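Each chain is listed here by its residues.
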Amino acid sequence: MFVTAPLMLLLAAAPQSGDAVGNGRKAYSECLSKQVQPAIDKKLTLGDFQSTLKAQCGDKEAAFRAAIVADDKSSGMSEKDAQSDADDQISEYRDKIVGEYEDYSKS
C-alpha cells in the first residue's frame, strides 16, 4: 500500500503526451471559434476571415501541430506520416469553422 501511493503520485505528476494533443486541440478550437462573431460583425469576406484565422490562431495551430507530430512519432509513426496526420487534423478544424462562417454570413 505504501509503495503504491508514491508510484501513483509520480504517474499523476508525469506529463502525458495525450494531454499536449488534447490541450492543443482545445486551445486551437477555442481560438477559431472566437473569431467567428467578430468577423460576422465586421462583415469580412471569406478570404479576410481565413487571413484572420491565420493571424489570430497561428501560434495555437503551431502548438497543436507540434503536439500531434510529437505524439505520433512517439507511437512509431514516420515524420512524413505524422506531418500528414497533423495537416489532416488541422484542416478538419479549419474547414469546419470556415464552413460555419460561410453559413452564418449568408443569413
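Structure: above.
Source: prediction; values computed, not measured. (Residues numbered from 1 in each chain as written. Predicted model: local features only at pLDDT ≥ 70, side-chain atom pairs only at ≥ 80, totals over all residues. Heavy atoms only, no water.)

A. Geometry of unusual backbone geometry. Positive phi outside glycine occurs at Lys 43, with the angle close to 55 degrees. Within the secondary structure layout, Lys 43 lies in the loop between helix 3 (36-42) and helix 4 (46-74). Lys 43 sits in the exposed class, given a relative accessible area of 70%. (Helix = DSSP H or I, 4+ residues; strand = E, 2+ residues; numbered from the N terminus. Buried < 20%, exposed > 50% of the residue type's maximum accessible area, 1.4 Å probe, protein only.)

B. Quick look at the state of the cysteines. Applying the stated rule across the entire model yields one disulfide. Here Cys 31 is linked by a disulfide to Cys 57, with a sulfur-sulfur distance of 2.1 Å. Classification of the bridge connecting Cys 31 and Cys 57 rests on its S-S torsion, roughly -90 degrees, and on that basis the disulfide is left-handed. Here Cys 31, found in helix 2 (residues 17-34), pairs with Cys 57, found in helix 4; they are 26 residues apart in sequence, far enough to count as distant. Of the residues examined, Cys 31 reaches a relative accessible area of 8% and is grouped as buried. Given the relative accessible area of 0%, Cys 57 is considered buried. (Disulfide = S-S within 2.5 Å.)

C. Inspection of the packing of aromatic side chains at higher detail. If you walk through the whole model with that rule in mind, you get three aromatic pairs. Look at Phe 49 and Tyr 101: their rings are 4.0 Å apart centre to centre, the planes differ by 10 degrees, and that puts the pair in the stacked class. Of the two residues, Phe 49 sits in helix 4 while Tyr 101 sits in helix 5 (residues 79-106), which places them 52 residues apart along the sequence. When sorted by exposure, Phe 49 lands in the same class as Tyr 101, which is buried. (Phe/Tyr/Trp six-rings, centres within 6.5 Å; stacked < 30°, edge-to-face > 60°.)

D. Molecular detail of the pattern of salt bridges. Under the definition given, this model contains five salt bridges. Between Glu 79 and Lys 73 there is a salt bridge, with its nearest N and O atoms 2.6 Å apart. The exposure class assigned to Glu 79 is partly exposed, which follows from its relative accessible area of 37%. Residue Lys 73 is classed as partly exposed on the basis of its relative accessible area of 41%. Close ionic contact of Glu 100 with Lys 96 constitutes a salt bridge, the shortest N to O distance being 2.5 Å. Here Glu 100 pairs with Lys 96, and both are found in helix 5, just four residues apart, close to one helical turn. By relative accessible area, which is 25% here, Glu 100 ends up partly exposed. On the basis of relative accessibility, which here comes to 52%, the residue Lys 96 falls in the exposed class. (Salt bridge = Lys/Arg side-chain N within 4 Å of Asp/Glu carboxyl O.)

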